[in-house]
Amino acid sequence: MKEFLLKTSAPVRKHLFIYLVLFIIISIFVSASLILKFESNYPNSPIRTVNEAVWWSAVGISTIGIANIVPASESGRYLTLFLMLAGVVTLSVITAKIA
């Protein structure tokens, strides 16, 4: 079992940064499309266009956050929570790999 784990984890460790970048890009675009769907029924939502949704996603996954762009829907807030947690985990893995 140990040999199997060593053999299968080597390619993942070798290309970890590529996988993380792909995960970040996919997460940004999936969450941007979801937030547009969630916020479309709320007229007071600050997220109305694709550009605003992509900006919100990029800021959310980078864990910076901007207080003036807060989703109005409950689903959007849960998506924000998931996106922030995914960003923290991703940045933690990158930091651990560098260290």
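Overview of the structure. (Residues numbered from 1 in each chain as written. Predicted model: local features only at pLDDT ≥ 70, side-chain atom pairs only at ≥ 80, totals over all residues. Heavy atoms only, no water.)

1. Topic: helix α4 (residues 74-98)
Alright, step 1. Its 25 residues place the ends of α4 36 Å apart at the C-alpha level, agreeing with the 36 Å of an ideal helix rising 1.5 Å per residue.
Alright, step 2. Every buried residue of α4 is accounted for by G76, L79, T80, L83, A86, G87 and T90.
Alright, step 3. Tucked into the core, α4 has its buried residues touching α2 (16-39) and α3 (50-61).
Alright, step 4. Where α4 begins, the side chain of S73 points an oxygen toward the backbone nitrogen of G76, at a separation of 2.9 Å. (Helix = DSSP H or I, 4+ residues; strand = E, 2+ residues; numbered from the N terminus. Expected span 1.5 Å × (residues − 1). Buried < 20%, exposed > 50% of the residue type's maximum accessible area, 1.4 Å probe, protein only. Contact = heavy atoms within 4.5 Å. Polar contact = N/O pair within 3.5 Å; in protein donor to acceptor, adjacent residues only side chain to side chain.)

2. So, a nonpolar patch on the surface
Alright, step 1. Residues I18, Y19, L22, I26, V30 and L34 make up a contiguous nonpolar surface patch of about 550 Å² in total accessible area.
Alright, step 2. Tracing the sequence through the fold places Y19 in helix α2.
Alright, step 3. For Y19, a relative accessible area of 43% translates into the label partly exposed. (Patch = residues over 30% accessible without salt bridge, like charges linked within 9 Å, V, L, I, M, F, W, Y side chains within 5 Å. Areas by Shrake-Rupley, 256 points an atom, 1.4 Å probe, with all protein chains shown as cover. Salt bridge = Lys/Arg side-chain N within 4 Å of Asp/Glu carboxyl O.)

3. Focus on the side chain of S27
Alright, step 1. Its place among the elements puts S27 in helix α2.
Alright, step 2. Of the polar contacts made by the side chain of S27, one reaches the backbone oxygen of F23; its length is 2.7 Å.
Alright, step 3. When residues no more than four places from it in sequence are discounted, the contact partners of S27 are I61 and L83.

4. Focus on the nonpolar core
Alright, step 1. Counting residues in each nonpolar core, the largest one holds nine residues, listed as I28, A32, I35, I47, A53, W56, I61, L79 and L83.
Alright, step 2. If you list the elements that add at least two residues to this core, you get α2, α3 and α4.
Alright, step 3. In contact with I35, not counting residues within four places along its chain, are I47, A53, W56, P71, G76 and L79. (Core = buried A, V, L, I, M, F, W, Y, C linked by side-chain atoms within 4.5 Å.)

5. With respect to the environment of S40
Alright, step 1. Considering the arrangement of structural elements, one finds S40 in the loop between α2 and α3.
Alright, step 2. Along the backbone, S40 and S73 are 33 residues apart, and their C-alpha atoms lie at a distance of 9.3 Å.
Alright, step 3. A polar contact is formed between the side chain of S40 and the backbone oxygen of K37, at a distance of 3.0 Å.

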